[in-house]
Amino acid sequence: MIFKNDTITAIATTTGVGAIAIIRISGKLCFKIVSRCFFSKENKKITELKTKTMHIGFIKQNHNLIDKVFLCLFKQPFSYTGEDLIEIYCHGTFYIQKKILKLLIDNGARLANPGEFSLRSFKNGKIDLVQAESLLELFKAEDELAHSLAINNLIGKFSIFLNEIRKDMIYLNSLINVYLDFDEEYLSEFNYNKFLNTLVVLIKKIKRTIIVFKTNNLFKKVYYLVLVGRPNVGKSTLFNLLLKKERSIVSNISGTTINYIEEDLFIKGIKYRIVDTAGIKKTNNKLDRKGIHKTYETIKSADLILVIKDKIRDKIIDKLEKYFKISLTKKIIIIINKCDLLKKKIISKKKDILISAKYRIGLERILERILERIKTKRNKRLNYNKDNIINNMRNYECLKKVLLTLIKIKKTITNTITNTNYLTTEILSFEILSFLLKEANYYLGKITKIVSNEEILNKIFDNFCIGK
Ligand SMILES: Nc1nc2c(ncn2[C@@H]2O[C@H](COP(=O)(O)OP(=O)(O)OP(=O)(O)O)[C@@H](O)[C@H]2O)c(=O)[nH]1
Ligand SMILES: [Mg+2]
């Protein structure tokens, strides 16, 4: 699909019926094609319409009226794709959307591939690769943090950083290039310190960015909440209550849940993965043992373990700590369920939360406690979010390669300075340095724009939806 320049069209809004749908068309023949089926209320030709302004008109097929629409046109290069582009705002019924799309195709447009509008935008220099990827991240962002990282990079935070790096590398290159063509007698004029100082600052800058990404790779992390306890204590009842749906089977038969079940859960904009598990008990039954083994496995990946008891005396936490051979205090929230059955007030530890999952008592306290406990981790993420600009693993790997190459350059220079056979190694060094700088620049280019690898481009843009 890469780099065709014919005229493409697609429905840009989500599939289905809505009040309004948007149909996009972009490319050389865009205005020509639309003028065959759009008739402006002002009786003006498409090319006479003011750009970036809404115009009311009618879509017709051989004099048959299909819809009354709004239309907005963008003349190249001032459009999302950088080409002539038109957006048609029609009524959002299936019939109208399909009819207009077919009309545009019959008049010479081609149905766009997923991400093809964005690919053209990238190809025409309207957005760089980082911004294209951020656009994709923006669509996937399900919580506040993922959204803020994506939107920051969409407006170019990471791209600005990369540009600064590129400028520094161009400067370094200029310092070397002067000496590449010179005779040996001029070489002693080369200012090693000037070169080294710039290089060291550059290395520090990249290192810091990489470390922020590496040490806080919590971004887009989903917090795992695992419900654990003896059989029949009400794990599945609480699981369903938190999810607000009957996802897990509840019964008074001990051992109802035999395999863990997990679902997404949002609490105040934060995404969690909540897991209901098989009750922990002594058993010789092979199937039950397998289920319990899986319970232990899920506990390993838990950010928080919600331990549910239906009696104070339950020694389940001791059992878990014995199994894992570590204290779980920091990860545990203790919940005493079935408080509705209590005849007299029980004395529980202050931190334990008393609830009745069946009668929906005490749920708020659980949510509050989860938020409280996740706060520390979340603060870490918020810090991270402020500083981090690297938007994915691919770019992290590329930037790491830039860093390693620059470190190699630094080593080459320091070796040269300490080398006693000064002049002969100097000539060799300049050539090597120039080569290494080119290599660093190549990896930097891979992040933003100068990508020759079609596979990478396809991989990125294929993930977009049609019409984007
Ligand atoms: N009275 C009362 N009964 C409850 C409460 N919560 C759950 N139950 C009942 O306790 C029984 C067991 O509930 P489940 O949610 O299936 O328990 P579980 O911990 O998932 O059990 P297993 O899947 O066997 O490990 C059911 O009959 C529930 O209706 C509660 O707050 N009060
Ligand atoms: Mg259960």
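Residues numbered from 1 in each chain as written. Chains lettered and ligands numbered in written order. Predicted model: local features only at pLDDT ≥ 70, side-chain atom pairs only at ≥ 80, totals over all residues. Heavy atoms only, no water.

**Description of the coordination of the magnesium ion (ligand 2)**
Every protein donor of the magnesium ion (ligand 2) is listed here as Ser 236 (OG) and Thr 257 (OG1), and their distances to the metal cover 2.0 Å. Taken as a pair, Ser 236 in helix H9 (residues 235–243) and Thr 257 in the loop between H9 and strand E9 (261–267) lie far apart in primary sequence, 21 residues in all. Each member of the pair, Ser 236 as well as Thr 257, carries the same accessibility label: buried. (Donors = N, O, S within 2.8 Å, 3.2 Å for Na, K, Ca; no water. Helix = DSSP H or I, 4+ residues; strand = E, 2+ residues; numbered from the N terminus. Buried < 20%, exposed > 50% of the residue type's maximum accessible area, 1.4 Å probe, protein only.)

**Some points on helix H10 (residues 286–300)**
Over its 15 residues, H10 extends 22 Å from the first C-alpha to the last, a length consistent with the 21 Å expected when each residue adds 1.5 Å. Of the residues making up H10, those classed as buried are Asp 288, Gly 291, Ile 292, Thr 295, Tyr 296, Thr 298 and Ile 299. Buried residues in H10, looked at end-on, bunch into an arc of 160°, giving them a common side. The exposed set on the far side of H10, more than 90 degrees from its buried face, consists of Lys 286, Leu 287, Lys 290 and Lys 300. Buried residues in H10 make contact with strand E8 (223–229), strand E10 (270–276), strand E11 (304–309) and helix H11 (316–324). (Expected span 1.5 Å × (residues − 1). Arc of directions from axis to C-beta. Contact = heavy atoms within 4.5 Å.)

**Regarding the nonpolar core**
Counting residues in each nonpolar core, the largest one holds 38 residues, and the members touching the most others are Phe 195, Ile 206, Leu 399, Leu 406 and Ile 409. Among the secondary structure elements, those contributing two or more residues to this core are helix H6 (157–180), helix H8 (192–215), helix H13 (393–418) and helix H14 (422–448). Those residues in contact with Phe 195, other than ones at most four positions away along the chain, are Leu 172, Leu 175, Ile 176, Phe 190, Ile 409, Ile 413 and Leu 433. Membership of the second largest hydrophobic core comes to 27 residues, among which are Leu 243, Tyr 272, Ile 353 and Ala 357. (Core = buried A, V, L, I, M, F, W, Y, C linked by side-chain atoms within 4.5 Å.)

**Some points on the site of ligand 1**
Around ligand 1, the structure places 23 residues, and the nearest of them are Lys 235, Ser 236, Thr 237, Gly 255 and Thr 257. Contact distances for ligand 1 include 2.9 Å between an oxygen atom and a backbone N or O atom of Asn 232. For ligand 1, an oxygen atom lies 2.5 Å from a polar atom in the side chain of Thr 237. Surface burial for ligand 1 is 92%, taken as the share of its 650 Å² of free accessible area covered by protein chains. Here the shell around ligand 1 is composed, by residue class, of six nonpolar, 13 polar and four charged. (Near = heavy atom within 4 Å. Polar contact = N/O pair within 3.5 Å; in protein donor to acceptor, adjacent residues only side chain to side chain. Areas by Shrake-Rupley, 256 points an atom, 1.4 Å probe, with all protein chains shown as cover. Nonpolar A, V, L, I, M, F, W, Y, C, P; charged D, E, K, R; others polar.)

Just geometry here; none of it tells us what the structure is for.
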